[in-house]
Amino acid sequence: MKCINVSNGNKLIADKLVMKDSFFGRLVGLLSRKGLKEGEGIILNPCTQIHTFFMRFDIDVVFISKDLKVVAVKENMPPWRMSPLYLNARYTLEVKGGCLKGGVKVGQQLAFEN
């Protein structure tokens with residue numbers, strides 16, 4: 001699965017995404033990973049808040065509404081942190097820390113593609 005920033009000229013955010021939409025899938029998330037490569041990540045559905053307890057690496061996080069607009073962005077979120085609760089978020093995109101580089105802003109329109 002791919003995530004594209006429609007508001008930014010269809011710029012590719014990640015192209016090796018996996019949707020985690022089961023309770024267990026969301027619970028485990030990235031905990032079993034030692035890291036992510038460029039373009040890799042997960043989409044949690046539904047998800048309004050995340051934590052990075054027990055993780056081994058930083059992640060960039062995008063909270064996304066049900067109509068695929070960016071609600072919040074947290075870049076380089078280190079292990080052992082908890083995000084705020086975003087009640088208007090439906091999806092959460094987690095990718096390698098540092099890969100967004102300011103390229104995703106609140107209010108922008110995203111798209112998911114297979």
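Residues numbered from 1 in each chain as written. Predicted model: local features only at pLDDT ≥ 70, side-chain atom pairs only at ≥ 80, totals over all residues. Heavy atoms only, no water.

Moving on to the overall build of the protein chain. Counting its secondary structure elements, the protein chain contains one helix and eight strands. Reading the helices (α) and strands (β) of the protein chain from amino to carboxyl end gives β-β-β-α-β-β-β-β-β. In terms of overall size, the protein chain behaves like a compact globule, its C-alpha atoms giving a radius of gyration of 13 Å where 114 residues would be expected to give roughly 13 Å. The buried share of the protein chain, taken over its 114 residues, is 43%. Of the side-chain charges in the protein chain, 17 are positive and 10 negative, and the distance between the mean point of each set is 2 Å. (Helix = DSSP H or I, 4+ residues; strand = E, 2+ residues; numbered from the N terminus. Rg over C-alpha atoms; globule rule 2.2 N^0.38 Å. Buried < 20%, exposed > 50% of the residue type's maximum accessible area, 1.4 Å probe, protein only. Lys, Arg positive; Asp, Glu negative; His and termini not counted. Charge placed at Lys NZ, Arg CZ, Asp CG, Glu CD.)

To continue, consider the environment of phenylalanine 54. With respect to the helices, strands and loops of the structure, phenylalanine 54 is situated in the loop between strand S4 (40-44) and strand S5 (59-64). Those residues within four positions of phenylalanine 54 in sequence are excluded, and the remaining contacts are Leu31 and Trp80. (Contact = heavy atoms within 4.5 Å.)

Looking now at the environment of serine 65. Positionally, serine 65 belongs in the loop between S5 and strand S6 (70-77). Take serine 65: its relative accessible area is 10%, and that puts it in the buried class. As a C-alpha pair, serine 65 and asparagine 88 span 23 residues in sequence and 5.9 Å in three-dimensional space. In contact with serine 65, other than residues within four places in its own chain, are Val71, Asn88, Ala89, Arg90 and Tyr91.

At the junction of asparagine 45 and proline 46, the peptide bond is cis and its omega measures out at -5° in the coordinates. Examined against the element boundaries, proline 46 turns out to sit in the loop between S4 and S5. Phi angles above zero are rare outside glycine, and asparagine 76 is one such case at about 55°. Counting through the fold element by element, asparagine 76 comes out in strand S6.

Turning our attention to the pairing of strand S3 (residues 16-20). Pairing of S3 with S4 involves five bridges; the strand directions are parallel. Residue lysine 20 lies in a different strand from S4, and its bridge partner there is leucine 44. As a crossover connection, the stretch from S3 through helix H1 (residues 23-28) into S4 is right-handed. (Pairing = 2+ DSSP bridges. Right-handed = clockwise from strand over helix to strand, strands pointing away.)

Counting residues in each nonpolar core, the largest one holds 16 residues, and the members touching the most others are Leu30, Ile50, Phe57, Ile59, Val61, Phe63 and Tyr86. Within the residue set of this core, elements represented by two or more residues are S4, S5 and S6. Excluding its chain neighbours within four sequence positions, the residues that come into contact with isoleucine 50 are Leu44, Ile59, Val61, Phe63, Met77, Met82, Ser83, Thr92 and Glu94. Within the second largest apolar cluster, 15 residues are counted, among which are Ile64, Val70, Leu100 and Leu110. (Core = buried A, V, L, I, M, F, W, Y, C linked by side-chain atoms within 4.5 Å.)

As a further point, take the pattern of salt bridges. Applying the stated criterion across every chain yields a total of three salt bridges. Two residues, aspartate 15 and lysine 16, come together in a salt bridge whose shortest N-O distance is 3.5 Å. Looking at lysine 16, the relative accessible area reads 47%, which means it is partly exposed. The closest approach of N and O atoms between glutamate 40 and arginine 33, which form a salt bridge, is 3.0 Å. (Salt bridge = Lys/Arg side-chain N within 4 Å of Asp/Glu carboxyl O.)

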